[in-house]
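What the coordinates show
Spelled out from the first residue to the last, the chains are:
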Amino acid sequence: MSSFLLQRILQGIVIMAVMSVIVFAGVYAIGNPLEVLIPPEATQDVRARTIARFGLDKSLVEQYFLFISNLFQGDLGQSYIYNEPVLQLIGNRLPATLELVLTAVLGATFIGVPLGIYAGYKPDSVTARTIMAVSILGFSVPTFWVGLILILTFAVSLGWLPSGGRGDTAELFGIDWSIFTLDGWSHLILPATNLALFKLAIMIRLARAGTREVMLSDAVKFARAAGLSETTILSRHVLKLISIPIVTVFGLELASTLAFAVVTETIFSWPGVGKLIIDSIKNLDRPVMVAYLILTAGLFVTINLCVDIGYAVLDPRLRRGRAE
Amino acid sequence: MTAAGKPISEAPILEVRDLATHFFTRAGVVKAVDGVSFSLNRGEIIGLVGESGSGKSVTGFSLIGLVDPPGRIVGGSVKLEGQELVGLNDAGLRKVRGARIAMVFQDPMVTLNPVLTIGQQMHLALAAHESISKRAARARSAEALTRVGIPDAPARLDAYPHQFSGGMRQRVAIAIALLHGTKAIIADEPTTALDVSIQAQILSEMRELAREMGTALVWISHDLSTVSTLASRILVMYAGRIVEEGPTAQVLRSPRHPYTAGLLRSLPAMAKPGTDLEQIPGTTPSLLDLPEGCPFRPRCDRASELCAKDPPMTRADDRGYRCHHTLEEMVSA
Amino acid sequence: MTTKAVSPWRNLWIRFCEDRIALGALIVVAIILVLALFAPLIAPQDPYDLSGLSLRDARRPPGFVGSGAYVHWLGTDAQGRDLWSAILYGLRVSIQIGIFAGAVGLIIGTTVGILAAYHRGIAETVLMRIIDLQLSFPPILLALVLVAVLGQGKAQLIAALVAAQYAYFARTAFGAASAERSKDYIEAAMATPLSNMRIVFRHILPNAMPALIVVATVQVAYAIALESTLSFLGLGLPVTEPSLGMLISNGVKYMMSGRYWISVYPGIALIVLIVAINLVGDHVRDILNPRLNR
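Given the structure is predicted, the values throughout are model-derived calculations rather than measurements.

Right, let's talk about the interface of chain A and chain C for a bit. Facing 39 residues of chain A, the contacting portion of chain C comprises 38 residues. By the criterion of area lost to chain C, the three top residues of chain A are Phe144, Trp145 and Ile281 of chain A, representing 16% of everything that side buries. Linking chain A with chain C are one salt bridge, by the criterion used here. Linking arginine 205 of chain A and aspartate 282 of chain C is a salt bridge whose minimum nitrogen-to-oxygen distance equals 3.0 Å. Where chain A touches chain C, the interface holds two residue pairs in polar contact (both at pLDDT 80 or more). Elements with a minimum of two residues in the side of chain A that touches chain C: helix H1 (2-28), helix H6 (126-140), helix H7 (143-157), helix H8 (182-215), helix H10 (230-267), helix H11 (273-283) and helix H12 (286-314) of chain A. The element that contributes the greatest number of residues to the side of chain A that touches chain C is H10 of chain A, accounting for eight residues.

Shown next, in the form of structure tokens:
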């Protein structure tokens, strides 16, 4: 168990190192930031000073090592555009994104898994077919389009909910959260729904596929032969069996939803990191892009590690047997 | 306690009449079980023998009303202690299953849920039929495990199936089947997937248990020799029907159906040392495409024009067979 | 339960037709393909020809008869384009990109997957590690960064989509090929002097094909969705050849003021296309799943 974990942590470190090189090399291949940084009418002197200030006169390799050594000191550089430390820039917006993403993924899981189990349990019923049709819609329809329709329906036509922004926030641990105020929730609900719909479809499919297979297994047949009720079989046997892939996907989706938040945040003007990254891509704000990508990769690695640990907790076969 | 084989005056515990289970597949209707009848007395062990695809497992599952779609019981009757099970609703069947009739499956590696402890699974099986505290459930479960020969049972309750060997897992499954003092157990090839040495152990233990607890057994197997050491009666199944039945010793000594005779001749123990093992020519027919008349006709060396007509079940002195050209006396080796 | 030897493709087709929804979806896909293919003949207006547009016709509701003296059944956009024509041409662009990205992804991914399965050893480990790493990375992010790196344009966009998607093909091809590879007959074939290429094309590829086709349909739909998302975010194709995503994006600012049609109709076209492709792929997947066949 501990050697397994150690191996996973080492693997994570290697992945991070590789990612940092790829991201750095990739992002620095983009355009020439001088066009953004220096007004065309600037003097030679200003140009030279700006270049030196951002370290742009050094070679790419030197810039990389400078970046890495700064990274370990908690310094991810300064944004070209905002003239603010990148870490602070991202840190200020991260809570908004995290609360959006967590609400969406948790909601999708707690609604999607029961629906999926039902659809897998009675695959030929009308309800199951309806659930699957909805899931195909959720899977197919692009997030941005769903967002637009949500705004058009609930904000423009019905006027029930606000179309954007974060609303009132309440402070906890020195960070502002929308989930602690009613107004915050009214702002959160549309973007969270928007973001959750795709995840909901995935969770439904996953739970359905798992349930269908497990229902045909001898373990379920044996439980039936022992006289267990269908409810008990579903809630104890099936749920436990399918929870392993669900936890895996939950982790992966949590990470990928962070990325998908880019679209939702743009549509709903949610002040999170997603909007920041879109703006920085458009403005060639390299330090922000690099920091965002490396932080995202770090989150990925961390979440994957947690998933591996979750695996071992859920699947006794991966634990060390006591007696064999 | 009743000894197996002794004639019993009580009503049979399980009475099956003309049971028919068909599968409605894309390619056509498969008559997996087509008119099976037998009865099982208290404490009796009967052996249901046939090749794979003969319908013996489906018969077993039909008895407890667990036929997966597209299969369906289309006719006949299964009476458990006088209660009709065919046509009973799900709730009614659920009350019966595990409590009054239980089943043990073929492959112990897949019958237990790998992510629940043995204790949890036994608790669920107990709670399915009675309200029971966790503590009481543990005590009962440990007792049941001890009975099937699992050492250190109270501690093993917290183990997961993968921590048991195949033989031990099958013992756990048997313990679950016996939890409610069930009077009838259907054993669907429970030793086939195990090592030969463990097979023998489990066989003798099952016989002991059945005798001690007065449990009747339907032992389903493709292996005539296994069944012959265990069962007092043998039913031979071919293409969804029982083609021969009778007391074990008699069927083995003088089979009346050519198929039974063929099965016997292909047993290594029956062959003369140094001679080739005999085989039944041909293969089990597809149930979708059965020949007209006697289904065994294409493989039978005694077949005649007469066999184009379906042979009826003939019953005489405690034996039964479905054949136009019965073997009166097998030329003994 | 043996059936007569029907060719597997024919069998697939027969079983496919049994599901009416899937068959309907396939017909919808076919109709859309025909519409897109013959767009220049069907569309009343060439939406790329800016000289043919009149601002007097801009933002007119559905049913309006404009200066071209024909009915704008779906209304007009902010430049005075006939939306029906714009949608037909937009479908063309979207489908082109989807199919191109899907096909290139299929070829590259399959090659990588089969190479990994075929060579085993270090090549397998390294390639599959990269693939798995990529699979855990959200395609949209990868596409965003690549579009930013490569710049805007059709080829760049397709390259970004392929890079974001090929890993799915590689995983599928790898799975199918390594399952095939471990079978005795391939081992036997490899022991004979048959060329490797022949083994791959004769034995491995045909067996991996059904699974790859399912992935391909889904990925074409996904590429179309991804392209429209990128266009919506303003990182897609240049404005001169608007795809469906860009048409939607252009209409958003008028949505709040009640001129819904500029965004909504292209959106409906996009969704019908993607949903139909996914329904087809979904049903084929169900048919091909051996674990659910009885």
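All names here are of chain B. Considering the arrangement of structural elements, one finds valine 78 in strand S4 (residues 71-80). Considering only alpha carbons, one finds valine 78 and valine 16, 62 residues apart in sequence, at a separation of 4.5 Å. In contact with valine 78, not counting residues within four places along its chain, are Leu14, Glu15, Val16, Leu19, Leu63, Gln83, Glu84, Leu85 and Val86.

In this section: the nonpolar core. Ranked by internal contacts, the top residues of the largest apolar core, which has 149 residues, are Phe144, Trp145, Leu148, Ile267, Val290 and Tyr292 of chain A together with Leu144 of chain C. If you tally residues by element for this core, the top one is helix H9 (residues 196-232) of chain C, at 18 residues. Residues Val113 and Ala223 of chain A together with Ala231 and Ala239 of chain B belong to the second largest nonpolar core, which totals 120 residues.

Under the counting rule described, the total for this entry stands at seven aromatic pairs over all chains. A ring pair is formed by tyrosine 238 of chain B and tyrosine 259 of chain B, whose centres lie 4.6 Å apart and whose planes are at 55°; its orientation type is tilted. Separated by 21 residues along the polypeptide, tyrosine 238 of chain B in strand S9 (residues 233-238) and tyrosine 259 of chain B in helix H11 (residues 258-265) bring together distant segments of the chain. Each of the two residues, tyrosine 238 of chain B as well as tyrosine 259 of chain B, counts as buried. By the ring-pair criterion, three or more aromatic residues cluster together here, those being Phe222 of chain A together with Phe61 and Phe105 of chain B. If you follow arginine 93 of chain A out to its NZ or CZ, it ends over the ring of tyrosine 82 of chain A, 5.9 Å from the centre. Over the aromatic face of phenylalanine 164 of chain B sits the side chain of arginine 156 of chain B, whose NZ or CZ is 4.1 Å from the ring centroid.

Residue and element names in this part refer to chain B. The eight strands lie next to each other as S6-S7-S8-S3-S9-S10-S12-S11, forming an open sheet whose pairing is mixed. Either end of the sheet is taken by a strand with one partner, and the two such strands are strand S6 (101-104) and strand S11 (314-316). The average undirected angle you get between the axes of adjacent strands in this sheet is 20°. Inspection of the sheet shows S9 paired to strand S10 (residues 241-247) by six bridges, in the antiparallel sense. When the sheet's bridge partners are listed, methionine 237 is paired in S10 with isoleucine 242.

Time to look at unusual backbone geometry. The omega angle of the peptide bond from proline 69 of chain B to proline 70 of chain B is 10°, so this bond is cis rather than trans. As for its position among the elements, proline 70 of chain B is in the loop between helix H1 (56-63) and S4. Here the phi dihedral of serine 269 of chain A falls at roughly 45°; this positive angle occurs in a residue that is not glycine. Mapping serine 269 of chain A onto the fold places it in the loop between H10 and H11. For serine 269 of chain A, a relative accessible area of 41% translates into the label partly exposed.

In this numbering, the UniProt entry assigns the feature "transmembrane region" (unreviewed entry) to residues 12-31, 100-121, 133-161, 188-207, 246-270 and 290-314 of chain A. Structurally, residues 133-161 of chain A comprises 79% helix and 0% strand, and the distance from its first C-alpha atom to its last is 27 Å.

Here we take up the pattern of salt bridges. Residue and element names in this part refer to chain B. Counted by the stated rule, this structure contains 20 salt bridges over all chains. Among the ionic pairs, arginine 241 bridges to aspartate 34, the shortest N-O distance being 3.7 Å. Of this pair, arginine 241 sits in strand S10 while aspartate 34 sits in strand S2 (residues 28-40); the two residues are 207 residues apart in sequence, bridging distant segments of the chain. A residue is classified by how much of its surface remains accessible, and arginine 241, at 14% relative accessible area, is buried. Each of Arg233, Glu245, Arg315 and Asp318 takes part in salt bridges that share partners, so that together they form one network.

Residue and element names in this part refer to chain C. Together, Val34, Leu37, Phe38, Leu41 and Ile42 line one region of the surface with nonpolar side chains, adding up to about 500 Å² of accessible area. Mapped onto the nonpolar patch, the elements with two or more residues apiece are helix H2 (20-37) and helix H3 (39-42). Its place among the elements puts leucine 41 in helix H3.

Moving on: the interface of chain A and chain B. Accessible area lost upon the coming together of the parts serves often as the stated size of an interface. If you look at the interface, chain A gives 26 residues, while chain B gives 32 residues. Summed over both partners, the interface of chain A with chain B buries about 2600 Å², with 61% contributed by carbon and sulfur atoms. One can count one salt bridge joining chain A with chain B. Across the pair lysine 221 of chain A and aspartate 68 of chain B runs a salt bridge, and its minimum N-O distance is 3.4 Å.

Our focus in this paragraph is the UniProt feature "transmembrane region" (unreviewed entry) in chain C. Those residues carrying the UniProt feature "transmembrane region" (unreviewed entry) are residues 21-43, 93-118, 130-151, 157-179, 200-224 and 260-281 of chain C in this numbering. The span residues 200-224 of chain C carries 100% helix and 0% strand; its end-to-end C-alpha distance comes to 30 Å.

Every α-helical turn comprises 3.6 residues, leaving residues that sit three or four positions apart pointing alike. Residue and element names in this part refer to chain B. With seven of eight residues buried, H11 is to be regarded as a mostly interior element. Every buried residue of H11 is listed here: Pro258, Tyr259, Thr260, Ala261, Gly262, Leu263 and Leu264. Along its buried surface, H11 packs onto strand S3 (45-49), helix H9 (224-230), S9, S10 and helix H10 (248-253).

Parameters at a glance
Residues numbered from 1 in each chain as written. Chains lettered and ligands numbered in written order. Predicted model: local features only at pLDDT ≥ 70, side-chain atom pairs only at ≥ 80, totals over all residues. Heavy atoms only, no water. Contact = heavy atoms within 4.5 Å. Buried area = accessible area lost by both parts, 1.4 Å probe. Salt bridge = Lys/Arg side-chain N within 4 Å of Asp/Glu carboxyl O. Polar contact = N/O pair within 3.5 Å; in protein donor to acceptor, adjacent residues only side chain to side chain. Helix = DSSP H or I, 4+ residues; strand = E, 2+ residues; numbered from the N terminus. Core = buried A, V, L, I, M, F, W, Y, C linked by side-chain atoms within 4.5 Å. Buried < 20%, exposed > 50% of the residue type's maximum accessible area, 1.4 Å probe, protein only. Phe/Tyr/Trp six-rings, centres within 6.5 Å; stacked < 30°, edge-to-face > 60°. Lys NZ or Arg CZ within 6 Å of the ring centre and 35° of its normal. Pairing = 2+ DSSP bridges. Axes fitted to C-alpha atoms, helices over the stretch in contact; angles between N-to-C directions. UniProt positions renumbered as here; feature names shortened; annotations may be inferred. Patch = residues over 30% accessible without salt bridge, like charges linked within 9 Å, V, L, I, M, F, W, Y side chains within 5 Å. Areas by Shrake-Rupley, 256 points an atom, 1.4 Å probe, with all protein chains shown as cover.

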